[in-house]
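# Structural characterization, general
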Amino acid sequence: MPKMKTSKGAKKRFKVTGAGKLLRRHGMRSHNLEKKSSKRRRGFRKEYEVAPSDRKSVLKLLRGG
């Protein structure tokens, strides 16, 4: 049976830490940034943990299954 393929889109968007956490980037940071406060834009730089409800489906995309 052939190997399962990792989703290339998911590979570029998510990162698995050594502790097994899934990290994602923040949305809303691509345009119309002049309207958003500096404080808000600064928050977009951080990486956030994937919500527990989405964790299973993201792992499935990354593990290729």
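Calculation notes
- Residues numbered from 1 in each chain as written.
- Predicted model: local features only at pLDDT ≥ 70, side-chain atom pairs only at ≥ 80, totals over all residues.
- Heavy atoms only, no water.
- Patch = residues over 30% accessible without salt bridge, like charges linked within 9 Å, V, L, I, M, F, W, Y side chains within 5 Å.
- Areas by Shrake-Rupley, 256 points an atom, 1.4 Å probe, with all protein chains shown as cover.
- Salt bridge = Lys/Arg side-chain N within 4 Å of Asp/Glu carboxyl O.
- Lys, Arg positive; Asp, Glu negative; His and termini not counted.
- Charge placed at Lys NZ, Arg CZ, Asp CG, Glu CD.
- Helix = DSSP H or I, 4+ residues; strand = E, 2+ residues; numbered from the N terminus.
- Buried < 20%, exposed > 50% of the residue type's maximum accessible area, 1.4 Å probe, protein only.
- Pairing = 2+ DSSP bridges.
- Contact = heavy atoms within 4.5 Å.
- Axes fitted to C-alpha atoms, helices over the stretch in contact; angles between N-to-C directions.
- Polar contact = N/O pair within 3.5 Å; in protein donor to acceptor, adjacent residues only side chain to side chain.
- Expected span 1.5 Å × (residues − 1).
- Arc of directions from axis to C-beta.

### Description of a positive patch on the surface
Taken together, Lys-5, Lys-8, Lys-11, Lys-12, Arg-13, Arg-25, Arg-29, Lys-39, Arg-41, Arg-42 and Arg-45 make up a surface patch of like positive charges. When contributions to the positive patch are tallied by element, the ones reaching two or more residues are helix 1 (8-13) and helix 2 (38-44). As for its position among the elements, Arg-29 is in the loop between strand 2 (22-24) and helix 2. Since its relative accessible area comes to 44%, Arg-29 is described here as partly exposed.

### Details of the sheet that holds strand 1 (residues 14-16)
One open sheet holds the three strands; their spatial order is 1-2-3, and the pairing between them is antiparallel. On the outer flanks of this sheet lie strand 1 and strand 3 (48-49), each paired with one strand and no other. As defined by bridge partners, strand 2 adjoins strand 3 across two bridges and the pair is classed as antiparallel. Residue Arg-24 lies in a different strand from strand 3, and its bridge partner there is Tyr-48. Sheet contacts for helix 3 (residues 52-63): strand 1 and strand 2; angle to strand 2, the most-contacted strand, approximately 95 degrees.

### Considering the side chain of Lys-36
Relative to the helices and strands, Lys-36 is located in the loop between strand 2 and helix 2. One polar contact links the side chain of Lys-36 to the main-chain carbonyl oxygen of His-31, over a distance of 3.1 Å. Not counting chain neighbours up to four residues away, the residues in contact with Lys-36 comprise Met-28, His-31, Arg-41 and Phe-44.

### A closer look at helix 3
Taking 1.5 Å of rise per residue, the twelve residues of helix 3 would be expected to cover 16 Å, and the 17 Å separating its terminal C-alpha atoms lies within 8% of that figure. Within helix 3, the full set of buried residues consists of Val-58, Leu-59 and Leu-62. One side of helix 3 holds all its buried residues, which, seen down the axis, span an arc of 105 degrees. Residues of helix 3 that are exposed and point more than 90 degrees away from the buried face comprise Ser-53, Lys-56 and Lys-60. On its buried face, helix 3 is in contact with helix 1, strand 1 and strand 2.

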